Amino acid sequence: MLTKDLIRARLVGGAVRPGFIAIDDPTALAMAEQLLHVYGMTPPPRRADVAEAVQPVIAGARDPRLARGLDKVLLDRCDFGQVTACDYPECRRILFRAAAARLAAGELTDDAEYRQEILAAADLPAGFGVDDIYADLPENERIERFRSLGAQALLQRYNVALVQALLLRAESLDVTVSSPDPAKMRRLFKYLRFFRLLARMHLVPVPDATSGAGESPEAVRLTIEGPGSVLSQPKRYGLQLASFFPAVCALDAWSLATTVEWKGSPRRLRLTETSGLVSHYRTFSAYVPEEIRLFHQHFAATVTTWHIVGQTPFLRVGGAEVVFPDLSFEGDNGTVVHLELFHRWHAGPLLQRLQALARDPDLPLIVGVDRSLLTNPAVAEACEQSVWFQTRGFLFRDYPTVERSVKCLQQAAVAGITGGERR
């Protein structure tokens, strides 16, 4: 993420407008190539070498803030580490004792052969050399892995990073998706779940541009709470929200509206697909978080009366509101029940969901609630007083267990849940 001092933006009519860079700008492309050359050097450079090599590029740039921002994007794509896995402080003590013994014996020289003799006498780990004595210091760590990309892709990543940096201090985020593609919407909600965000989703009519009147197929409007509305760990939540944003850029037709903190005051931020932002998320559909993979495995190995349904549908929760559950289950009798999870940041959405379910108790839905939410008095009271939650809800820590999920499914079945349709 770009830090606040690296954000290029200006105010236009009271709204903040990010300073996007044209991805075909020759000067910016040349600067990107120079920076990429530094990070791709062979052998892999040390952190201090990188900082020294990029300095002339930044100093000579027409826009030093842009140069520093591109450098930050590249730095975030590096994994740094130590060449030799060992206890460096202990190795130094052993080495210095060996050198002190030679010094006490009157053997005082500074040639390469002498240093190698001391290294051999010190009985240090294999591969430990003179250059490794202070390799554990941050500036001496070397690039172990650099996720390289092209110059134009770097400029695209930079433009997205500008928005992400602003979203770290956002209030609620409103995203409207026109003519939503079902497959891309499912992918979007996978990202929401991955970053443990929860969105209120409504179907909204959009004008029919062909006739000038009437309504076309419904658009989808998502409202996601921002870090400004979260009392627990707002910085971490802001990072999750900002990390989710590239998934929005992968949609065909979208608009985003929010309020962010800029120059000490709340400012409007509005973006659409015409902003030219390009998502760098490509292979998420093949990635399954470890806790979800283990849940699926354990469920399939231990539960015989229910199985997990592969395709989770959208559920209407009264009126135009829609829910996209985290998991769907089908029982032996064909009953389909869906599970929605509420994590530590979802106090507001949970309270709204409990109210909606009180009005629509027959919805084929159960809910799991992270125990950390019970530190909120309003949430604790709502869960305790909700008749619906007593049979259709359960508590978990970090991620639900198979046992608690199945117990809640059975309770819901006994309570007479009718089951949903598979779509």
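Quick note: structure is the one above.
Definitions and cut-offs
- Positions within a chain are numbered from 1, following the residues in the order the chain's sequence is written.
- It should be noted that, the model being predicted, local features are given only for residues of pLDDT at least 70 and side-chain atom pairs only at 80 or more, the latter also being counted only at that level, while totals for whole chains, interfaces and linings use all residues.
- In computing side-chain values, all of the structure's heavy atoms are included and hydrogens and water are not.
- Only DSSP runs of H or I covering at least 4 residues are called helices, and only runs of E covering at least 2 are called strands; the numbering of each starts at the N terminus.
- Multiplying one less than the number of residues by 1.5 Å gives the expected span of a helix.
- Three exposure classes are used, based on accessible area relative to the maximum for each residue type with a 1.4 Å probe and protein chains only: buried under 20%, partly exposed in between, and exposed over 50%.
- Here a residue-residue contact requires only that any non-hydrogen atoms of the pair lie within 4.5 Å.
- A pair of strands is considered paired only if DSSP assigns at least 2 bridges between the two.
- Between the N-to-C directions of two axes lies an angle of 0 to 180 degrees, each axis being a line fitted to C-alpha atoms and, for a helix, fitted only over the stretch in contact.
- Nine residue types can take part in a nonpolar core, namely buried Ala, Val, Leu, Ile, Met, Phe, Trp, Tyr and Cys, and a core is a set of them joined through side-chain atoms within 4.5 Å.
- A pairing counts as a salt bridge when a side-chain nitrogen of Lys or Arg comes within 4 Å of a carboxyl oxygen of Asp or Glu.
- Between 65 and 115 degrees an angle is taken as roughly perpendicular, under 35 as roughly parallel, over 145 as roughly antiparallel, and anywhere else as oblique.
- Put simply, Ala, Val, Leu, Ile, Met, Phe, Trp, Tyr, Cys and Pro go in the nonpolar bin, Asp, Glu, Lys and Arg in the charged bin, and everything else, Gly too, in the polar bin.
- Points on a 1 Å grid over protein atoms alone make up a cavity when a 1.4 Å probe fits among them but cannot get out, and a pocket when they form an open set with protein on both sides within 12 Å along at least five of seven lines; lining residues each have an atom within 4 Å of a point.
- Grid points are joined across faces, edges and corners, and a volume is the space filled by probe spheres set on the points.
- The directions from the helix axis to the C-beta atoms are what the arc is built from.

**Focus on helix α2 (residues 47-59)**
Counted at 1.5 Å a residue, the expected span for α2 with its 13 residues is 18 Å, and the 18 Å between its end C-alpha atoms agrees. Listed in full, the buried residues belonging to α2 are V50, V54, V57 and I58. On its buried face, α2 sits against α1 (26-39), α3 (64-75) and β4 (142-146).

**A word on unusual backbone geometry**
Here T42 and P43 are connected by a cis peptide whose omega angle stands at -5°. Locating P43 in the fold gives a position in the loop between α1 and α2. The residue K263 is not glycine, and still its phi comes out positive at about 55°. Along the chain, the position of K263 falls in the loop between β8 (254-262) and β9 (265-272).

**Here's the deal with the sheet that holds strand β10 (residues 306-308)**
Read across the open sheet, the five strands follow the order β10-β13-β14-β15-β16; overall the sheet is mixed. The sheet is open, and its two borders are formed by β10 and β16 (393-396), each paired with just one other strand. Sheet twist, expressed as the average angle between the axes of neighbouring strands with direction ignored, equals 30°. Here strand β13 (residues 327-331) pairs with strand β14 (residues 336-342) via four bridges, running antiparallel. Bridging from a neighbouring strand, E330 pairs with V336 of β14. Sitting on the sheet, helix α9 (residues 290-302) touches β10 and β13, and the angle it makes with β10 is about 150°.

**Considerations on the nonpolar core**
The tendency in soluble globular proteins is for nonpolar side chains to be buried side by side. Among the nonpolar cores identified, the biggest contains 76 residues, and Y39, I224, F244, F245 and W254 are the most heavily contacted of them. Those residues in contact with W254 that sit more than four places away from it in its chain are T176, V177, F245, V248, C249, L271, T272, E273 and L277. Judged by nonpolar contacts, the second largest core, of 20 residues, contains F342, A347, L365 and V369.

**Here we look at the pattern of salt bridges**
A side chain with one charge can pair with a side chain of the opposite charge if their charged atoms come near. Applying the stated criterion to the full structure yields 15 salt bridges. Its salt-bridge partner being R353, residue E340 comes within 2.7 Å of it at the nearest N-O pair. Placement of E340 in strand β14 and of R353 in helix α10 (residues 347-359) is noted, with a sequence separation of 13 residues between them. One salt-bridge network, held together by shared partners, links D79, R145 and R147.

**Side note on the packing of α3 against helix α6 (residues 151-167)**
Contact pair α3 / α6: the axes reach a minimum separation of 10 Å and the direction vectors enclose 100°. By the angle class used here, α3 and α6 are roughly perpendicular. Counted together, L66, G69, L70, V73 and L74 of α3 and L154, L155, R157, Y158 and A161 of α6 form the full contact between these two elements. Residues of the contact of α3 with α6, tallied by class, amount to eight nonpolar, one polar and one charged.

**A look at the environment of A9**
By the secondary structure assignment, A9 is in strand β1 (residues 9-12). Overall, A9 belongs to the partly exposed group, its relative accessible area being 22%. Taking the C-alpha atoms as reference, A9 lies 9.7 Å from V163; in sequence the two are 154 residues apart.

**Structural notes on the layout of surface pockets**
One simple way to see leftover space: roll a probe sized like a water molecule over the atoms. One number sums up the size of the second largest pocket: a volume of about 400 Å³. Lining of the second largest pocket is provided by 15 residues; of these, M1, D76, R157, Q164 and H280 occupy positions nearest its centre. Secondary-structure elements contributing two or more residues to the lining of the second largest pocket are α6 and α8 (234-249). It is α6 that contributes the most residues to the lining of the second largest pocket, three residues altogether. Looking at side-chain class alone, the lining of the second largest pocket contains seven nonpolar, three polar and five charged residues.

**Focus: helix α4 (residues 88-104)**
The end-to-end C-alpha distance of α4, which contains 17 residues, comes to 24 Å, matching closely the 24 Å that a straight helix rising 1.5 Å per residue would cover. For α4, the set of buried residues is Y88, C91, R92, L95 and A98. Across the axial projection of α4, the buried residues extend over an arc of 130°, all falling on one side. Across α4 from its buried face, at more than 90 degrees, point the exposed residues R97 and A104. Packed against the buried residues of α4 are α5 (112-121).

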